[in-house]
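# Summary of structural features
Chain residues, written in single-letter form:
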Amino acid sequence: MRDGEQTPGVALTVDEKIQIARALDELGVDVIEAGFPITSPGEYEAVKRISRLGLNASICALARTNIKDMELALDADVDRVHVFIATSDIHLKYKLGISREEAVRRAVDSIEFLRSHGVEVEFSAEDATRSDLDFLEEIYSAAIDAGAGFLDIPDTVGIAKPEFIRDIVSRVVSIARDRIVSVHCHNDFGLATTNSIAGVLAGARQVHVTINGIGERAGNASLEEVVMALKILYGYEIGVRTEKLVEVSRLVSRLTGVPVQPNKAIVGRNAFGHESGIHTHGILRNPATYEPFPPELVGARRWLAVGKHAGSHGIRAKLAEMGYEVSEDQLKIIVSRVKMLGDMGRRVTDSDLAEIAGEILGSKSCSDIYARVEGMRIENLGERVRLAMMITVGGIQREIYGEGRSAIEASIDAIRKLLRQHDLEIDSYSVRVEQVGDGVNAESIVVIRTNNGRQITAASIKQDIYWAIAEAAVRALNIYSKTY
Ligand code: KIV
Ligand code: ZN
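In this report, the structure presented in the accompanying data block is examined.

Calculation notes
Residues numbered from 1 in each chain as written. Chains lettered and ligands numbered in written order. Predicted model: local features only at pLDDT ≥ 70, side-chain atom pairs only at ≥ 80, totals over all residues. Heavy atoms only, no water. Helix = DSSP H or I, 4+ residues; strand = E, 2+ residues; numbered from the N terminus. Near = heavy atom within 4 Å. Polar contact = N/O pair within 3.5 Å; in protein donor to acceptor, adjacent residues only side chain to side chain. Areas by Shrake-Rupley, 256 points an atom, 1.4 Å probe, with all protein chains shown as cover. Nonpolar A, V, L, I, M, F, W, Y, C, P; charged D, E, K, R; others polar. Axes fitted to C-alpha atoms, helices over the stretch in contact; angles between N-to-C directions. Parallel < 35°, antiparallel > 145°, perpendicular 65-115°, else oblique. Left-handed = near helix turned anticlockwise from the far one by under 90°. Contact = heavy atoms within 4.5 Å. Disulfide = S-S within 2.5 Å. Buried < 20%, exposed > 50% of the residue type's maximum accessible area, 1.4 Å probe, protein only. Pairing = 2+ DSSP bridges.

For the rest of this paragraph, the subject is unusual backbone geometry. Phi is positive for Asp77, which is not a glycine, with a value near 65°. Secondary-structure assignment places Asp77 in the loop between α3 (67-75) and β3 (80-86). With phi around 65°, Asn212 is a residue other than glycine that occupies positive phi space. Mapped onto the secondary structure, Asn212 falls in the loop between β7 (206-208) and α9 (223-233).

Quick look at the site of ligand 1 now. In the region of ligand 1, the neighbouring residues are Arg2, Asp3, His82, Phe84, Ser124, Glu126, Pro154, Thr156, His184 and His186. One nitrogen or oxygen atom from the side chain of Asp3 is found 3.2 Å from an oxygen atom belonging to ligand 1. For ligand 1, an oxygen atom lies 3.1 Å from a polar atom in the side chain of His184. Summarising the interface, the protein chains cover 94% of the accessible area of ligand 1, which totals 260 Å² for the free molecule. Taken together, the residues that form the shell around ligand 1 break down as two nonpolar, five polar and three charged.

Contact geometry for α3 and helix α5 (residues 100-116): axes closest at 11 Å, N-to-C directions at 25°. If you check the angle between α3 and α5, you find them roughly parallel. Helix-helix and strand crossings are classified by hand; for α3 and α5 the assignment is right-handed. Between α3, through Ile67, Met70, Glu71 and Leu74, and α5, the contact on the second element is made entirely by Ser110, Phe113 and Leu114. In terms of residue class, the contact of α3 with α5 is made up of five nonpolar, one polar and one charged.

Let's shift gears to the state of the cysteines. Cysteine pairs can be linked by a disulfide, which is a covalent bond between their two sulfur atoms. Tallied over the entire structure, the rule returns zero disulfides. With no disulfide partner, Cys60 has as its closest neighbouring cysteine sulfur the one in Cys185, 17 Å distant. Taking relative accessible area as the criterion, Cys185 reaches 1% and is therefore assigned buried.

Attention now moves to the sheet that holds strand β11 (residues 384-393). The antiparallel open sheet is built from three strands, whose spatial order is β10-β11-β12. At either margin of the open sheet sits one strand with a lone partner, and together these are β10 (371-381) and β12 (396-404). Between one strand axis and the next, the sheet turns by 20° as a mean value, whatever way the strands run. On top of the sheet, helix α15 (residues 407-420) reaches β10, β11 and β12; it is set at about 130° to β12, its chief contact. Lying over the sheet, helix α16 (residues 465-483) contacts β10 and β11, oriented at roughly 150° with respect to β10.

Here it is in structure tokens:
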């Protein structure tokens, strides 16, 4: 919650930080670095309120070796203070303008000061991986003598190779006596997870991670990757309730506004999605053919995509999931229509498949099985926009209101209200706008999620973006209503 929030452009309110802290605690993490109290009054308040929530996790605050930083961290009532000072020559010379001896003196004085106030102390030698190794050994030894219980090794600019992490961790472990050695890996070369694992294999017993791998620049090691790799690949016992990983990932993404890339390991939308005919055929016979572990283990759900790579087995299974029974001949036509759409460069959504199946089976369009958008009314309220969505749901005409800074936001607000009544959520949406003559065509694809993790995709093309999003979401709702 500290380095994660240092993601460029991210700022959380006190209430949002509290929400994330509770979620992390339910996830079962051991320590929550709740913030850096000196940053702002809001940050200080957030850390203090999180400390008083009575969570199972230890609450930690970050501090430099300045007295003000440390006093604020102590005032926030935390269990642990994570105090750091840079140790690489480049940081000592250009950032701090101090000697190595002065860095050791500051580290020792700070740790002793913090220990005299009864808190646990974690010490980080910032930029450790670019520091002189003999000096590093000297400062960690001094930190141990001063009372630090945790020795963290930050790869601050993410330049370490896994074999270097192994060596540096082994070296610190060899002088650590009974102290816990920790690693803090940044992802500048995409090695943060690998390096964290290398650290654990060399004896580190604490790993700094963030949900979704967010953080400064290219981010930090991601909690979900490190936990699942340690658990599944290396057989470590980890206290994390892995079945909550997707839920917490979504919460952090929503509150920080940082989307999770679809192909993100463990929690990405595609992590358990299968499209190609060969894969879906295998998956339908035995999911282990193309999955490293069952999606339920991380709170995800397997899903089959339709598209140009799909085969008849996958499309039949998908149709059955959507409530369509088709003959062999009908299936052949549907498969060729799906591949045609794919060849045109289109992402084939569930609503496209439902339209094709409906046409071939002569059943109703998925635009109006259960709910249909009849109209939209927009009112400008100065800085804000109010939108009334006229909609028929289950044969009853209703108006659902939404508000936001734009018609798009207001439309999404109204859609969220409608979906929530069915225990559904918007997972994601995208819009592609194309100039057509004097006007535009807006094509929206919306993914909604059921409370048991099933995803339904739907598309719509309209002249207004807000309308295209609303209609696509309602189509997804129609598919849901047909099969539940
Ligand atoms: O990356 C880093 O060096 C840090 C320290 C404050 C531990 O985040
Ligand atoms: Zn960091």
